[in-house]
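Residues per chain are reported as follows:
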Amino acid sequence: MRAAELTMGRTFAVHFDHGDDFYPALAEFCAQYGVRQGFIPMFIAGMRDVQLVGTCEKLENPDAPVWSAVHLENVEAIGGGTLAYDEESGTVLPHIHVSVGLKAHSATAHTSHLLGAKIQFLTEMYLVEVTAPRFSRPRQPDLFDVPLLSFGQSTDTPAHP
């Protein structure tokens, strides 16, 4: 178990528009407002096309992560996650999970890691910036190379534009 006391920065309400690609729109928001790290306590969304981590195949190793995608259409979603910053690439690394209900199938639900989505009508998101400690997402070779959230020791705050 790891823990860190967080110093909060700004809090945002973000609205993505019909037709937006979820992750590029999130990256655009982060670049425009200088957000490098934080957490998304919640968002609600309509999604026309969504890709979640999942498979219908038998898993060879149930302990290993699944890297394949399940494709769903016309869903309502609720989700949350974290944002870390990768110094090498200069990009924000989101880790977001969602529960989605298929509207045309009695709201049959699926829950998993969000790989991508196209917005249908809207996404309303709340995002809280964290100014300290620094978040990173180093890959863990002993855990199938999964990138896990890590808290830096620095109390420096990320620069704002």
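It should be emphasised that the depicted structure is a prediction, and the values quoted were computed from it without experimental measurement. (Residues numbered from 1 in each chain as written. Predicted model: local features only at pLDDT ≥ 70, side-chain atom pairs only at ≥ 80, totals over all residues. Heavy atoms only, no water.)

A. A look at helix α1 (residues 22-33). Between its terminal C-alpha atoms α1 stretches 17 Å, which fits the 16 Å expected from 12 residues at 1.5 Å a residue. Listing the buried residues of α1 in full gives F22, Y23, A25, L26, F29 and C30. Buried residues of α1, viewed axially, fall in a sector of 160°; they line one side. For α1, exposure combined with an orientation more than 90 degrees from the buried face picks out E28, A31 and Q32. Contacts made by the buried residues of α1 are with β1 (7-17), β2 (38-53), β3 (69-86), β4 (91-102) and β5 (108-132). Residue G34 follows α1 closely and has a positive phi angle near 70°. (Helix = DSSP H or I, 4+ residues; strand = E, 2+ residues; numbered from the N terminus. Expected span 1.5 Å × (residues − 1). Buried < 20%, exposed > 50% of the residue type's maximum accessible area, 1.4 Å probe, protein only. Arc of directions from axis to C-beta. Contact = heavy atoms within 4.5 Å.)

B. Structural view of the environment of T7. Mapped onto the secondary structure, T7 falls in strand β1. Considering only alpha carbons, one finds T7 and L59, 52 residues apart in sequence, at a separation of 40 Å. Ignoring anything within four residues of it in the chain, the contact list for T7 reads E129, V130, T131 and A132.

C. How the structure looks around the UniProt feature "domain: PPC" (unreviewed entry) in the protein chain. UniProt's feature table lists "domain: PPC" (unreviewed entry) at residues 6-152, given in the numbering used throughout. The distance from the first to the last C-alpha atom of residues 6-152 is 11 Å, and the span holds 8% helix and 61% strand. (UniProt positions renumbered as here; feature names shortened; annotations may be inferred.)

D. Representation of the packing of aromatic side chains. By the definition in use, this model includes seven aromatic pairs. Here F12 and F29 contribute two aromatic rings whose centre-to-centre distance is 5.0 Å and whose plane-to-plane angle is 85°, an arrangement assigned as edge-to-face. With F12 in strand β1 and F29 in helix α1, the pair connects residues that are 17 residues apart, well separated along the chain. Where F16 meets F22, the ring centres are 5.5 Å apart and the plane angle is 65°; that geometry is what we call edge-to-face. Residue F22 is classed as buried on the basis of its relative accessible area of 0%. (Phe/Tyr/Trp six-rings, centres within 6.5 Å; stacked < 30°, edge-to-face > 60°.)

E. Quick peek at the pattern of salt bridges. One pass over the structure, following the stated rule, counts four salt bridges. Notably, a salt bridge pairs K118 with D21, separated by 3.3 Å at the nearest N-O pair. Placement of the pair is K118 in strand β5 and D21 in the loop between β1 and α1, with a sequence separation of 97 residues. On the basis of relative accessible area, K118 is assigned to the partly exposed category, the value being 28%. Residue K103 pairs with E76 through a salt bridge whose shortest N-O separation is 3.5 Å. Placement of K103 in the loop between β4 and β5 and of E76 in strand β3 is noted, with a sequence separation of 27 residues between them. The partly exposed category is assigned to K103, whose relative accessible area is 39%. (Salt bridge = Lys/Arg side-chain N within 4 Å of Asp/Glu carboxyl O.)

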